[in-house]
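Architecture and fold: a report
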Amino acid sequence: YYCAIASSTSGTSFGSIQNFTTTPPPAAPTVTTLTATSTATTSASLPANANPNGTATTGWFRYATTTDPGTCSDSFGTKTSTVSLGSGITTVFFARTIGGLASSTTYFYCAIASSTAGLATGTVLNLTTTP
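Note that the structure is a prediction, hence the values are computed from the model and not measured.

Moving on, we come to the packing of aromatic side chains. Tallying each qualifying case throughout the model produces three aromatic pairs. Between the aromatic rings of Tyr2 and Phe20, the centroid separation amounts to 6.0 Å while the plane-to-plane angle is 50°, which identifies the pairing as tilted. Note that Tyr2 is positioned in the segment before β1 (5-8) and Phe20 in the loop between β2 (11-14) and β3 (30-33), a separation of 18 residues in sequence. Judged by its relative accessible area of 58%, Phe20 falls in the exposed class. When the ring of Tyr63 is compared with that of Tyr107, the centres are 6.5 Å apart and the planes differ by 55°; the resulting orientation is tilted.

Printed below as a string of structure tokens:
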């Protein structure tokens, strides 16, 4: 709430009380890790869905052969290249193909999305390359 006040040697005058509402901060993106596809001897495709929630967002994946990290973070394993997810308010699909993998090996991976509103991580899933 606010009002204007003016003062002079003749006296003080008060304007009417007004109000305003601030806009809420933008929401962080949301992201969902999806089941790997096209799993082969040395490669796999990692897919995800993300909603930018109205703020310019990028997405990427993290993957590693270490033991299951339990939760996704932007510090485990190898980071894929990023992809622009736009700044819309609907869910968009994105994927990255990873190569140079070892055959008959289990990899843990997760999707990550980030904007100026925050960082979101998906669930950690796993895939096993073929022999």
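Next comes the rest of the write-up.
Right, let's get into the pattern of salt bridges. For the structure on display, the rule yields one salt bridge. Arg62 is paired through a salt bridge with Asp74; the nearest N and O atoms lie 2.9 Å apart. Of the two residues, Arg62 sits in strand β5 (residues 57-64) while Asp74 sits in the loop between β5 and β6 (78-79), which places them 12 residues apart along the sequence. On the basis of relative accessibility, which here comes to 29%, the residue Asp74 falls in the partly exposed class.

This part is about the sheet that holds β3. Spatially, β3-β4-β8 is the arrangement adopted by the three strands of the open sheet, whose pairing is antiparallel. Where the open sheet ends on each side, the last strands, each with one partner, are β3 and β8 (92-98). The sheet shows a mean angle of 25° between the axes of neighbouring strands, taken without regard to direction. Here seven bridges tie strand β4 (residues 44-51) to β8, and the two strands are oriented antiparallel to one another. Bridge pairing in β8 links Asn49 to Phe93.

The rules behind each value
- Residues numbered from 1 in each chain as written.
- Predicted model: local features only at pLDDT ≥ 70, side-chain atom pairs only at ≥ 80, totals over all residues.
- Heavy atoms only, no water.
- Phe/Tyr/Trp six-rings, centres within 6.5 Å; stacked < 30°, edge-to-face > 60°.
- Helix = DSSP H or I, 4+ residues; strand = E, 2+ residues; numbered from the N terminus.
- Buried < 20%, exposed > 50% of the residue type's maximum accessible area, 1.4 Å probe, protein only.
- Salt bridge = Lys/Arg side-chain N within 4 Å of Asp/Glu carboxyl O.
- Pairing = 2+ DSSP bridges.
- Axes fitted to C-alpha atoms, helices over the stretch in contact; angles between N-to-C directions.

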